[in-house]
Amino acid sequence: MRAVIAEDSVLLRIGLVKVVQTAGFEVVAETDDAEGLLAAVEEQRPDIAVVDVRMPPGFTDEGVRAALLIRRQWPDTAVLLLSQYVEERYAADLLTSHTSGIGYLLKQRVADVEEFIDALRRVAGGGTALDPQVVAQLLVRRHSDPLDRLTSRERDVLELMAGGRSNAGIAGALVISESAVAKHINSIFGKLDLPVAEADHRRVLAVLRFLGVGRGAP
Amino acid sequence: MSLRTAIRPAFGRSPHRLGRDVRFGSAGIAVQFVAWAAPMSVPWVIYDNASSPVDILLALTVPLIGPAVATPLLTRVQRQRFAALLDVGITGPPRARRQLWYHLLAGPAVAFGGVLAWGFALGGVVATTVFLWRQQAGRLKFLPDATSAAYLTVGGCALLALAYWLIAALVRLDTRAATAFLGPGPAAELERRVEDLTESRAGAVDAADAERRRIERDLHDGAQRRLVSMAVNLGLAKATMDDLPEAACKVIDEAHREAKEAIEELSNLVRGLHPAVLDELGLDAALSGIAARAPLPVRLRVDVPERAAPTVEAVAYFVVSEALANIAKHARATRAGVGVVRAGDRPRVVVDDDGAGGADPARGSGLAGLAQRVGSVDGTFDISSPLGGPTVITVELPCAL
């Protein structure tokens, strides 16, 4: 698997390169701004781009805009965004248009190397990875809706699901059996009135409803 | 300056200052003469001895009406006299009635004093020089003999001293009177002072805010990046070096954990100071961050159409951050609500919880600091916290400073 890294802080970029290499990726390009990133993606067509949200010249949301562009123009390249702080609007922007091959993590998560590598592989493989902080922050927005009918356990399961974990991953995180996870998930589907369809599709729908981005089909 | 200091003799003055005082006082006499004495003489000249009551009435009213009509002009002239000759700036809004007091009473009185001082000075000069002209005074009826000439000299010296003192005292009295009557007056003076203070306080608050921002940026660009980089390296070491002895692994593990804790602590510190997200994306985004981090469920509603001044946003953020921290620490609440809405044209921040209540800013909690910071931008702080709850904190802020 091949990766491109866009991060303007040299110090962090060096660390990121090492972590991404440790994960078994080949780092084919490093850049420190959005323009360089887009050029590198066009040229290299990597499997994943690891992108800092704040980059020159504006230091605002260059990374997010580049990520949206990459996902639209080169759908085979997954994007993992790294941010100094959580901005749920960015997460919502990303998830409204794309529900696969997208990740949004806080920068400091890179330090938890094993978990970060896990998220990296998941996103590169077409999955999602959302920072627990993003999830918590999106929850603050929820008012009275079907989500309130969920038990706290079901909510935990849904949060982890939103973070992109598999059933096994959720079971591991909550220290419960995989069949218990499946039971919770079915109960969530029921409570959220999700149509009976292919399991993965319903999963995405549940997460989207949870995140409050898009009521209909993605 | 009290009256006593105004008339205190000042014999130590330099000749330069004496010259200045004389010029200033004489200019005052000239102005008063033009403004007052000359108009007063007009009717007498025109109506030739002013025999009829109408003439007398005219003669008396013209000197009063003249200055009254010419007050703005006179005030300007007098202020210029003070500025040009004495380097004393007198400013303030037009207050015709008070200024008239100066032009009709204080000014003429001082001018009269000035004339007196000239008289003393001239008399003094004549008397002290008696020995010089006594010989040539043969034609005068009055020929002082040596003894009375000596007395005259002493008296002349006294007169000169008196004139010397009088000139200085008049300048000080005139300055006092002009400041009081031509200046802004106590109410306007207070108003100006309040304006100055408001301005300088806003400056201080802004400066403190800018300083917080700078510290945040420095920490973010410096220490925080280094710490993250260090934690990444330690994490890599932990993940890749499997063949290390157990003790070394333990040390690396410990260092890794501490680095991560340091990052977390630093982030919390920065969040308490002035988070970058507040500057870049505004209150809504910044508040959802602290609401999500609160250890209890928080409902957040932010509805402000346009962004307030940065300092006001910083205060609103601080209010919510402190209030939530307070709730988590003391309130024993199960949930909290945060609302930022626009009340009229002022942002209003409401933080409520369903906790035990009984919160009192006087009993030294974060609430006092909160009220202080709100007060620093002229906001209002209100708390309702009956025993048994619920507690509601309402803060209204100005939209600009």
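Heads up: these notes are all about the structure in this document. Treat the numbers as computed from the prediction; the structure is a model and nothing was measured.

Procedures and definitions
Residue indices begin from 1 for each chain and proceed along its sequence in written order. Both sets of labels track the order of writing: A upward for chains, 1 upward for ligands. The predicted origin of the model limits local features to residues at a pLDDT of at least 70 and limits the giving and counting of side-chain atom pairs to 80 or more, whereas totals for whole chains, interfaces and linings rest on all residues. Side-chain metrics in this entry use all non-hydrogen atoms of the structure; hydrogen atoms and water are not considered. Strand pairing requires that DSSP identify at least two bridges connecting the strands. Under the DSSP-based scheme used, a helix requires at least four consecutive residues in state H or I and a strand at least two consecutive residues in state E, with every element numbered from the N terminus. Axis definition: a line fit to C-alpha positions, over the contact stretch in the case of helices; interaxial angles, taken between N-to-C directions, run 0 to 180 degrees. Throughout, a contact is declared for two residues whenever any of their heavy atoms are within 4.5 Å. Cavities and pockets are found on a 1 Å grid laid over the protein atoms alone: a cavity is a set of points where a 1.4 Å probe fits but cannot escape, a pocket is an open set with protein on both sides within 12 Å along at least five of seven lines, and a lining residue has an atom within 4 Å of such a point. Grid points are joined across faces, edges and corners, and a volume is the space filled by probe spheres set on the points. Classification used: nonpolar for Ala, Val, Leu, Ile, Met, Phe, Trp, Tyr, Cys and Pro, charged for Asp, Glu, Lys and Arg, polar for all others including Gly. A pairing counts as a salt bridge when a side-chain nitrogen of Lys or Arg comes within 4 Å of a carboxyl oxygen of Asp or Glu. The rule is simple: take the accessible area with a 1.4 Å probe, protein chains only, and divide by the maximum for that residue type; under 20% is buried, over 50% is exposed, in between is partly exposed. The labels follow the angle: roughly parallel below 35 degrees, roughly antiparallel above 145, roughly perpendicular from 65 to 115, and oblique for the rest. Crossing handedness is defined as follows: a turn of the near helix away from the far one that is anticlockwise and smaller than a right angle gives a left-handed crossing, while the clockwise case is right-handed. Take the accessible area each of two parts loses on contact, using a 1.4 Å probe, and add the two losses: that sum is the buried area. In protein, a polar contact requires one atom able to donate a hydrogen and another able to accept it; more generally it is a pair of N or O atoms within 3.5 Å, and residues adjacent in sequence count only if both atoms are side-chain atoms.

## Let's talk about the sheet that holds strand β4 (residues 78-83) of chain A
Residues and elements named next belong to chain A. A sheet is described by the order of its strands in space; here six strands give the open sequence β2-β1-β3-β4-β5-β6, paired in parallel fashion. With partners counted over all chains shown, the strands left at the sheet margins are β2 (26-31) and β6 (128-130), one partner each. Between one strand axis and the next, the sheet turns through 20 degrees on average, direction left out of account. Pairing between strand β3 (residues 48-52) and β4: five bridges, direction parallel. Its bridge partner lying in β4, I48 is registered against A78. Packing of helix α1 (residues 10-22) onto the sheet brings it into contact with β1 (2-6), β2, β3 and β4, and relative to β2 it is tilted by some 165 degrees. The sheet contacts of helix α3 (residues 62-73) involve β3, β4 and β5 (102-106), and relative to β4 the element is tilted by about 170 degrees.

## Quick word on empty space enclosed by the protein
All names here are of chain B. A full pass over the atoms with the stated rule returns three cavities of 30 Å³ or more. Its volume calculated, the largest cavity comes out at about 50 Å³. For the lining of the largest cavity, the secondary-structure elements that each account for two or more residues are α9 (246-273) and α12 (310-331). The biggest single contributor to the lining of the largest cavity is α12, with four residues. Of the residues contributing to the lining of the largest cavity, the split by class is six nonpolar, three polar and one charged.

## Structural notes on the pattern of salt bridges
Enumeration according to the criterion identifies 25 salt bridges over all chains in this entry. A salt bridge links E7 of chain A to K107 of chain A; its shortest N-O distance comes to 3.5 Å. Of this pair, E7 of chain A sits in the loop between β1 and α1 while K107 of chain A sits in the loop between β5 and α5 (113-124); the two residues are 100 residues apart in sequence, bridging distant segments of the chain. As far as burial versus exposure is concerned, E7 of chain A and K107 of chain A are alike and both buried. Linking R348 of chain B and E396 of chain B is a salt bridge whose minimum nitrogen-to-oxygen distance equals 2.8 Å. Here R348 of chain B, found in strand β3 (residues 346-353), pairs with E396 of chain B, found in strand β5 (residues 391-396); they are 48 residues apart in sequence, far enough to count as distant. According to the relative accessible area criterion, R348 of chain B is partly exposed, its value standing at 30%.

## Re the sheet that holds β5 of chain B
Residues and elements named next belong to chain B. With mixed pairing, the five strands of this open sheet are ordered in space as β1-β2-β3-β5-β4. Every other strand in the sheet has two partners, leaving β1 (298-303) and β4 (380-384) as the edge strands with one partner each. Within this sheet the neighbouring strands show an average axis-to-axis angle of 10 degrees, counted without direction. Here β3 runs beside β5; their pairing, made up of six bridges, is antiparallel. What sits directly across from D352, in β5, is V392.

## Quick notes on the packing of helix α5 (residues 96-128) of chain B against helix α7 (residues 146-182) of chain B
Residues and elements named next belong to chain B. Relative orientation of the contacting elements α5 and α7 amounts to 165 degrees, with a least axis distance of 8 Å. Considering the angle they form, α5 stands roughly antiparallel to α7. Regarding α5 and α7, the two cross each other, and that crossing is left-handed.

## A word on the interface of chain A and chain B
Of the residues lining the interface, 32 residues belong to chain A; the matching set on chain B comes to 32 residues. A combined buried area of about 2,800 Å² lies between chain A and chain B, and 55% of that area is made up of carbon and sulfur atoms. Applying the counting criterion to the chain A and chain B interface returns two salt bridges. We note a salt bridge from D8 of chain A to R225 of chain B, for which the minimum N-O separation is 3.7 Å. Taken together, chain A and chain B are joined by six residue pairs in polar contact (both at pLDDT 80 or more). Looking at the side of chain A that touches chain B, the elements that each hand over two or more residues are α1, α4 (88-97), α5 and α6 (132-141) of chain A. The leading source of residues in the side of chain A that touches chain B is α1 of chain A, at six residues.

## Thoughts on the packing of helix α4 (residues 71-86) of chain B against α5 of chain B
All names here are of chain B. α5 packs onto α4 with a crossing angle of 65 degrees between their chain directions and a minimal axis gap of 10 Å. Considering the relative orientation of α4 and α5, their crossing is left-handed. Touching T71, L74, T75, Q78, R79, R81 and F82 of α4 are A96, Q99, L100, Y102 and H103, all from α5. Its residues assigned to classes, the contact of α4 with α5 shows five nonpolar, five polar and two charged.

## Overview of unusual backbone geometry
Across the chain, the bulk of peptide bonds are trans and the bulk of non-glycine residues have phi less than zero. With an omega dihedral of 5 degrees, the bond running from P56 of chain A to P57 of chain A counts as a cis peptide bond. By the secondary structure assignment, P57 of chain A is in the loop between β3 and α3. Its identity is not glycine, yet D378 of chain B carries a phi of approximately 65 degrees, on the positive side. Here D378 of chain B falls in the partly exposed class, since its relative accessible area comes to 46%.

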